[in-house]
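Geometric and topological summary
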Amino acid sequence: MKKFVNEDNTRFRRGSTYTKVIADIAQKNVCPFCEDQLLNFHKNPIEKKKYWIVTDNMYPYKPNKKHILLIHQEHIEHAQEISTAAWQELQVIIQEQTKKNNIDGGTFMLRFGDGRYTGSSVRHLHAHIVQSDPEHEDYKKEVGLVARIG
Ligand SMILES: [Zn+2]
């Protein structure tokens, strides 16, 4: 059976709402980022581009000042499936969003393919623009903002 989420990759957020949401999605066995399901699981406003959906992450990495999710509209899972036009639009979106949100520094992250190697919990291809919050007390207590890439 095809799986749309990787519950194993939510271990580091054990006990969180996010872990419960992913477990619920796994049980329903639906793709939370496909158009017919997205609004059931995602309550932040979305902006539809031609190839990508731009929205704030419902369950952002912490501590952050901004965490934007860029979801490929069509269900694909591997970077090899991204068209040249979609890559170009992604470039424009990154430039627009960093300007609009005054992101002086941040991280762009795109995991792809088999989640056993990426740490991603949702297989439907999506990217992140994350700006951490170095002034937040949790940033100083921990080791900054940590996100899995494997
Ligand atoms: Zn999907």
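Predicted model only: the values in this text are computed from it and were never measured.

1. Concerning the coordination of the zinc ion
- Within the protein, Cys 31 (SG), Cys 34 (SG), His 75 (ND1) and His 124 (ND1) serve as the donor atoms for the zinc ion, at 2.0 to 2.3 Å.
- For the zinc ion, the four donor atoms in the first shell make angles of 105 to 116 degrees at the metal, so the coordination geometry reads as tetrahedral.
- Of note, the donors binding the zinc ion are all from one chain and are spaced C-x2-C-x40-H-x48-H. Here Cys 31, found in the loop between α1 (17-28) and α2 (35-41), pairs with His 75, found in the loop between β3 (64-72) and α3 (84-100); they are 44 residues apart in sequence, far enough to count as distant.
- Judged by its relative accessible area of 5%, Cys 31 is buried.

2. Describing the packing of aromatic side chains
- Summed over the entire model, instances satisfying the criterion amount to one aromatic pair.
- Centroid distance Tyr 18 to Tyr 59: 5.2 Å. Interplanar angle 55 degrees. Geometry classified as tilted. Here Tyr 18 is found in helix α1, whereas its partner Tyr 59 is found in the loop between β2 (52-56) and β3, with 41 residues between them in sequence.

3. So, the nonpolar core
- Counting residues in hydrophobic clusters, the biggest one holds 16 residues, and the most contacted among them are Ile 22, Ile 25, Phe 33, Ile 71 and Val 122.
- Residue assignment for this core shows that the elements contributing at least two residues are α1, α2 and β3.
- Broken down by element, the residue count for this core peaks at four residues, all from α1.
- With residues up to four places along the chain from it excluded, the contact list for Ile 71 reads Phe 33, Leu 38, Tyr 51, Trp 52, Ile 53, Thr 55, His 124, Leu 125 and His 126.
- Residues Trp 52, Ile 68, Ile 76 and Ala 79 belong to the second largest nonpolar core, which totals 14 residues.

Calculation rules
Residues numbered from 1 in each chain as written. Predicted model: local features only at pLDDT ≥ 70, side-chain atom pairs only at ≥ 80, totals over all residues. Heavy atoms only, no water. Donors = N, O, S within 2.8 Å, 3.2 Å for Na, K, Ca; no water. Tetrahedral: all angles 85-135°; square planar, octahedral: opposite > 155°, others 65-115°. Helix = DSSP H or I, 4+ residues; strand = E, 2+ residues; numbered from the N terminus. Buried < 20%, exposed > 50% of the residue type's maximum accessible area, 1.4 Å probe, protein only. Phe/Tyr/Trp six-rings, centres within 6.5 Å; stacked < 30°, edge-to-face > 60°. Core = buried A, V, L, I, M, F, W, Y, C linked by side-chain atoms within 4.5 Å. Contact = heavy atoms within 4.5 Å.

On their own, these measurements won't tell you what the molecule is for.
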